[in-house]
Amino acid sequence: MSGLHDAFTPDERALQRALVDAASQRFRAGGRFAWHFARGKLSGDPMFLALLRMGALPPQAQDFLDLGCGQAVLAAWLLAARDRFESGAWPAGWPEPPRVRRLRALELMPADVARGQAAFRASGDEERVSVEQADICQAAFGEAAVDVVTILDVLHYMPLQQQDDVLRRARAALRPGGTLALRVGDAAGGLRFRLSLWADQLVTLARGHGLARLHARPLDEWAAALRALGLAVQTAPTPGGLPFANTFLIARAPASPA
Ligand SMILES: C[S@@+](CC[C@H](N)C(=O)[O-])C[C@H]1O[C@@H](n2cnc3c(N)ncnc32)[C@H](O)[C@@H]1O
């Protein structure tokens, strides 16, 4: 098996380390666990760097909705990336990271919510980043439309019908030209997919969800579900050597409503 970071150059790995340091710093306010968790997640999962490198979240995007946010490490990551860009230390040729004006993050587990809230309160950013306890299968996604909805490694926790309902409401929350960014398991991914399900079962147990039943579909079906919502879909495998069949789906709404 290749290493986690084979997909990145030494300069990119140095950028990742700098962003992990900056982003995880916010979580010190939530205690040692929050800080270690943020560091582990942001440095161990190539998704976060890949999202920036591939320009999945457009530079002009300002208003975000992150569904199933955990302790909201994505928000901290995006703020750190923008700070780094504005300081002039951004890799040549990489897309500009978005300047987050408002990010609303919804999460089911109260302990994660508390850690996320502590992080953004302590850094004076709680107006910009709100972390709220909510079940995304029930919660309203708000009156105001957003530029980006992210749902990263979340949908497989709910049955297909609820996934479709969340996707439909996430689509409805997008502005014209907006982006819906998902990471999902590809049920056609063979052994890699089964490994990812086992890993998820361990994580759900450890996080206090009990032994949850997980629900996935083949990548083609994920893409078809998004196209049926009027979105143009690109897929990209998660880079690096993770043995998991997790895939990005970057879905864009048309620039003007149909
Ligand atoms: C694997 S974690 C991913 C966290 C985050 N998206 C990230 O990439 O760092 C999945 C998260 O989805 C949350 N989740 C699962 N079902 C949910 C629901 N119905 N409503 C809100 N959050 C949910 C879990 O509690 C967990 O924090």
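Note that the coordinates shown come from a computational prediction; the quantities given were computed from them, not determined experimentally. (Residues numbered from 1 in each chain as written. Predicted model: local features only at pLDDT ≥ 70, side-chain atom pairs only at ≥ 80, totals over all residues. Heavy atoms only, no water.)

1. A short note on the pairing of strand E7 (residues 246–252)
Among the seven residues of E7, six are classified as buried, and the element is accordingly described as predominantly covered. In terms of strand pairing, strand E6 (residues 232–237) meets E7 through six bridges, oriented antiparallel. By the bridge assignment for E7, Val233 is matched with Ala251. (Buried < 20%, exposed > 50% of the residue type's maximum accessible area, 1.4 Å probe, protein only. Helix = DSSP H or I, 4+ residues; strand = E, 2+ residues; numbered from the N terminus. Pairing = 2+ DSSP bridges.)

2. Observations regarding the confidence of the model for the protein chain
The pLDDT averaged across the protein chain works out to 88; a share of 84% of its residues lies at or above 70. Predicted confidence for residues 1–5 stays below pLDDT 50, and this span has 13 contacts to residues more than four positions away or in other chains. (pLDDT = per-residue confidence, 0-100. Contact = heavy atoms within 4.5 Å.)

3. Re helix H6 (residues 160–172)
Counted at 1.5 Å a residue, the expected span for H6 with its 13 residues is 18 Å, and the 18 Å between its end C-alpha atoms agrees. Within the span of H6, buried status applies to Gln163, Val166, Leu167, Arg169 and Ala170. On the buried face of H6, the contacting elements are strand E1 (63–67), strand E4 (146–152), strand E5 (174–185) and helix H8 (219–227). (Expected span 1.5 Å × (residues − 1).)

4. Focus: the environment of Thr247
If you trace the backbone, Thr247 turns up in strand E7. Residue Thr247 is classed as buried on the basis of its relative accessible area of 8%. Once the C-alpha coordinates of Thr247 and Pro237 are considered, the two residues, 10 residues apart in sequence, prove to be 4.4 Å apart.

5. Side note on the nonpolar core
If you look at the biggest cluster of nonpolar residues, it comprises 45 residues, and the most contacted ones within it are Trp77, Leu78 and Phe120. Core analysis: the next-biggest nonpolar cluster, separate from the first, contains 31 residues, Leu67, Val154, Leu249 and Ala253 among them. (Core = buried A, V, L, I, M, F, W, Y, C linked by side-chain atoms within 4.5 Å.)

6. So, helix H5 (residues 110–122)
Each α-helix winds once per 3.6 residues, and so residues spaced three or four apart point in a common direction. Counted at 1.5 Å a residue, the expected span for H5 with its 13 residues is 18 Å, and the 18 Å between its end C-alpha atoms agrees. Three or more residues of H5 are buried, namely Asp112, Val113, Arg115, Gly116, Ala118, Ala119 and Phe120. Packing partners of the buried residues in H5 comprise helix H2 (32–44), helix H4 (73–86), strand E2 (102–107) and strand E3 (129–133). Note on H5: the residue one or two positions beyond its end, Gly124, has a positive phi of about 75°.

7. Section: the sheet that holds E4
An order of E3-E2-E1-E4-E5-E7-E6 is seen for the seven strands of this open sheet, with the pairing classed as mixed. One side of each edge strand has no neighbouring strand; the edge strands of this open sheet are E3 and E6. When the angles between neighbouring strand axes are averaged without regard to direction, this sheet yields 15°. Bridging between E4 and E5 involves six bridges; their strand directions are parallel. The partner of Val148 across the bridge, within E5, is Thr179. Contacting E1, E4 and E5, H6 crosses the sheet at an angle of about 150° to E5. (Axes fitted to C-alpha atoms, helices over the stretch in contact; angles between N-to-C directions.)

8. Digging into unusual backbone geometry
The residue Ala72 is not glycine, and still its phi comes out positive at about 70°. Position of Ala72 among the secondary structure elements: in the loop between E1 and H4. On the accessibility criterion, Ala72 (0% relative accessible area) is buried. Although it is not a glycine, Asp153 sits at a positive phi angle of roughly 60°. In this structure, Asp153 sits in the loop between E4 and H6. Given a relative accessible area of 17%, Asp153 falls into the buried group.

9. Re the side chain of Thr150
Along the chain, Thr150 falls in strand E4. The exposure class assigned to Thr150 is buried, which follows from its relative accessible area of 1%. Excluding residues within four positions of it along the chain, Thr150 makes contact with Leu57, Leu65, Asp66, Leu67, Leu74 and Ala181.

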